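Notes for the structure review
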Amino acid sequence: MNDQESSAPIAMASMDDTARADLAIVVLGIADDCMLQGHRDSEWTGLGPILEEDIAFSSMAQDELGHALVWYNLLAGLGETRSPDLLAFTRDAGDWRNAQIVALPRGEYPFSLMRRHLHDLAKAVLYDGLIACGVAEVAVAATKLRQEKKYHLIHNRAYIERLARSETGRGPIQAALDELFPFALGLFEKQDAHDRLAAAGFIPSQALLRERWLDVTCSSLAAAGLRPPAHRAEEAWIPDVDPRVGGRSGRHVPEQVALLEAMQGMFRSDPEATW
Amino acid sequence: MSSSENSAGGTTTPRLVAEEETSPGQLAAFEERIARGEKIEPGDWMPALYRKQLIRLIQQHANSELMGALPEGQWIPYAPGFRRKMALIAKVQDEVGHAQLLYRAAETLGKPRHEMMTELVNGESKYSNVFNYPCETWADIAMVGWLIDGAAIVNQTIMQTGSYGPYSRALQRITYEEAFHLKQGYDLVVTLHTGTPAQRAMCQEAFSRWWWPLMMFFGPPDRASVHTDILQRWALKPKTNDEQRQIFLRKFVPKIQELGLEIPDEDLRWDEDSGTWHFTQPDWDEFKRVIRGGGPLNAERLALRRLLYEQGSWLRTALEQAEQPRAAA
């Protein structure tokens, strides 16, 4: 990857068929992550614990759905013939390639906040990597979306840090971190398509992304007074828990089926109708 | 969204107000400012009754925005397609944002937010009756967006000419955003009404359900409202309930008829002589029943809001603790 960072990006159309197919698989996973994260966050709209967070989660939900739309649209350049609406509102759970973390039920506020944060950090690290790497359209999209991640992270940190230094908040936010950490590691699940693209220098490897994510995540949470379920060995953070994987190959938490039934029900109820 | 429909509460005579002047002529000077069209600002002298009525109006309006987020918010997970989903989240977010803006405007009059929230969830402070009716189908979302927000715009456009600066400025921003809701709602109505037979039927049914709550939206006929006199004199409520209802009908009946939706009032007609719409009065006993808590969903909506407020107390406590100096550290 380091060699690729300095070379000129190539357009998706110039990639060979295998690389294009691999890229479509990876991008679909990113899009599905964003879509379900947005859906889950919108479950706070109107129901937030305080007005300010009600409004903030609604904003981030809209951002996330917007990001999903960017990635689904990008698939059109990789041979996908279905529209973003068809992709998001008609596929069965087994055809989704999201990591399991985004489909977990909304839960209480600390859970939602910590999920956002772990996922935002993962996407920030990913987008940084995509900006630096080889595919022109992907780099353009990542550049745009990375700017919004900056504000998500400022928001998340402000609340996580305050919870971590309060008597009442410390326990629940730590519990959320413990529960979510294995699922967050699942965002870096091994994916053959990803490996091939990384080997060809188009995108950073999962191992590198995971290492960067562990560093930024564990260091900042530890600085906030929380205990990430990982330990430091020399320069690197090593997780103390196993990742929860399966999402990238279509194995999901049971709640994803119910989520999709709700989200897709009306859209699928009448394929002829315009909504 | 309507700040005007409550008919409960007492009045005080202006004579009592004049008694609390701290220097002679204060009340007269205050009323002259209002007559000149000046805005009253938070630090200015104002009669206690003006402050009290203003808090009541703004607080009820804020409550309505917040309660209004519930029926629509409930449909967000089901919204069909990217466009509708994102628009509905944005819309409900706007309503919550309006609540925040209005609670802050009320705070400028000396009432803290937690007191207003407590009064709301304890049922001691009112909100618009329309939000105690259910949104049974997706078409209800269309009707609320187009017609309830449309009615709210009529109300808020009038209220923003009122005499209190912070409320007036908040309303300018709010009506600007509501105008987008109206467009979204109208687009939804047209889509459903020109859609499949099932969509068309769903659209008409929702419209018929919302007609009577809409007719009650602006509150009881003028002769029956106890607040109107003093509110008009101090430019807190520049137009009466009936005047507002007529503005709404003039604006919306032609559009409803043009679409071909059937209005469930056989006696509705334009009266050339008076230049007003003649209509069948809605069931004002039902209106009173709903105000007193007997509407289809009063108990459910308030119970949900109370539960959310109680659940949020954990976070409010934690955030307060985080602001304390770190004594233990």
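Being a predicted model, the structure only gives us computed values, none of them experimental.

1. Some words on the overall build of chain B
- The helix and strand inventory of chain B stands at twelve helices and two strands.
- In sequence order, the secondary structure elements of chain B are arranged as α-α-α-α-α-α-α-α-α-α-β-β-α-α.
- Relative to the compact-globule value of 20 Å for 329 residues, chain B shows a C-alpha radius of gyration of 21 Å, a close match.
- Counting across all 329 residues of chain B, residues that qualify as buried make up 56%.
- Of the accessible surface of chain B, which amounts to about 13700 Å², a share of 53% is contributed by carbon and sulfur atoms.

2. As for the confidence of the model for chain A
- Confidence in the prediction for chain A averages 96 pLDDT; 97% of positions are at 70 or higher.
- Counting contacts from residues 1–5 of chain A, a segment whose pLDDT is below 50, to residues more than four positions away or on other chains yields eight contacts.

3. Section: the pattern of salt bridges
Residue and element names in this part refer to chain A.
- A complete count under the given rule lists 33 salt bridges over all chains for this structure.
- The residue K190 makes a salt bridge to D195 at a minimum N-O spacing of 2.4 Å.
- Judged by relative accessible area, K190 falls into the exposed class, the value being 59%.
- Residues joined by salt bridges that share partners form a network here, namely D41, E64, R116, D120 and K149.

4. Some points on the state of the cysteines
- By the definition in use, this model includes zero disulfides over all chains.
- C203 of chain B provides the cysteine sulfur closest to C135 of chain B, a residue in no disulfide bond, and the two sulfurs are 13 Å apart.

5. Quick word on helix α8 (residues 197–216) of chain B
All names here are of chain B.
- Spanning 20 residues, α8 covers 30 Å between terminal C-alpha atoms, matching the ideal 28 Å at 1.5 Å per step.
- For α8, the principal kink sits at W210 and spans about 30 degrees; a proline, P213, occurs within the next four residues.
- Taken together, the buried positions of α8 are Q199, M202, C203, Q204, A206, F207, W210, W211, P213, L214, M215 and M216.
- Buried residues along α8 sit against α6 (138–159), α7 (165–193), α10 (241–259) and α11 (284–294).

6. Concerning the interface of chain A and chain B
- On the side of chain B, 46 residues touch chain A, which itself brings 43 residues to the contact.
- Here chain A meets chain B over a buried area of about 3800 Å², counting both sides, of which 69% is carbon and sulfur.
- Counting across the chain A and chain B interface gives two salt bridges.
- Between R113 of chain B and E52 of chain A there is a salt bridge, with its nearest N and O atoms 2.6 Å apart.
- The tally of links from chain A across to chain B stands at 14 residue pairs in polar contact (both at pLDDT 80 or more).
- Looking at the side of chain A that touches chain B, the elements with two or more residues in it are α2 (17–42), α3 (51–75), α4 (84–90), α5 (109–132), α6 (136–164), α7 (167–185) and α10 (255–269) of chain A.

7. Description of the nonpolar core
- One finds M35, W71, Y72, M114 and W213 of chain A together with Y50 and W138 of chain B to be the most contacted residues of the largest nonpolar core, which totals 188 residues.
- It is α6 of chain B that contributes the most residues to this core, 15 residues altogether.
- Setting aside its immediate chain neighbours within four residues, Y72 of chain A contacts L28, A31, D32, M35, P84, L87, A88, R91 and W96 of chain A together with F82 of chain B.

8. So, the packing of α7 of chain A against helix α9 (residues 206–223) of chain A
All names here are of chain A.
- The contact between α7 and α9 brings their axes to 12 Å, and the two run at 165 degrees. Judged by the inter-axis angle, α7 sits roughly antiparallel to α9. Note that α7 runs across α9; the crossing there is right-handed. Where α7 abuts α9, its residues L177, F181, A184 and L185 lie against R210, W213, L214, C218 and L221.

9. Let's talk about the confidence of the model for chain B
- Mean pLDDT for chain B: 91, with 91% of residues reaching 70 or above.
- Note that residues 1–19 of chain B has pLDDT below 50 and, in this model, 68 contacts with residues that lie over four places away or in other chains.

Rules and cut-offs
- All residue numbers refer to position in the chain's written sequence, counted from 1.
- Whichever chain is written first is A, and whichever ligand is written first is 1; the rest continue in order.
- In keeping with the predicted nature of the model, local features appear solely for residues at pLDDT of at least 70, side-chain atom pairs appear and are counted solely at 80 or more, and the whole-chain, interface and lining totals rest on all residues.
- The side-chain values count all of the structure's non-hydrogen atoms but skip hydrogen atoms and water molecules.
- Counting from the N terminus, the helices are DSSP H or I runs at least four residues long and the strands are E runs at least two residues long.
- Using C-alpha atoms as the atom set, the radius of gyration is obtained and then compared with a globule rule of 2.2 Å times the number of residues to the power 0.38.
- Exposed residues in this analysis have more than 50% of their type's maximum accessible area, buried residues have under 20%, and partly exposed residues fall in between, with area computed by a 1.4 Å probe over protein chains only.
- The Shrake-Rupley method, run with a 1.4 Å probe, gives the accessible areas here. Residue values count only the displayed protein chains as cover.
- pLDDT is defined as a per-residue confidence score from the predictor, taking values between 0 and 100.
- Working rule for contacts: check all heavy atoms of both residues, and any pair within 4.5 Å makes them a contact.
- The term salt bridge refers to a pairing of a side-chain nitrogen on Lys or Arg with a carboxyl oxygen on Asp or Glu at a separation within 4 Å.
- For this text, the term disulfide refers to a pair of cysteine sulfurs within 2.5 Å.
- Each helix should span, by expectation, one fewer than its residue count multiplied by 1.5 Å.
- Bend, in this description, refers to the angle at a residue between axes fitted to the seven residues ending there and the seven starting there.
- The term buried area denotes the loss of accessible surface (1.4 Å probe radius) that occurs when two parts are joined, taken as the sum for both partners.
- Whenever a nitrogen or oxygen atom comes within 3.5 Å of another N or O atom, the pair is scored as a polar contact, on the condition that within protein one atom can donate a hydrogen and the other can accept it, and that pairs from neighbouring residues in sequence are kept only if both atoms are in side chains.
- Take the buried Ala, Val, Leu, Ile, Met, Phe, Trp, Tyr and Cys residues and link them wherever side-chain atoms come within 4.5 Å; each set so joined is a nonpolar core.
- All axes here are fitted lines through C-alpha atoms, helices being fitted over the stretch that makes contact, and every angle between N-to-C directions spans 0 to 180 degrees.
- In these notes the angle categories are as follows: under 35 degrees is roughly parallel, over 145 is roughly antiparallel, 65 to 115 is roughly perpendicular, and the rest is oblique.
- Handedness of a helix crossing follows the sense of rotation of the near helix relative to the far helix, less than a right angle counterclockwise being left-handed and clockwise being right-handed.

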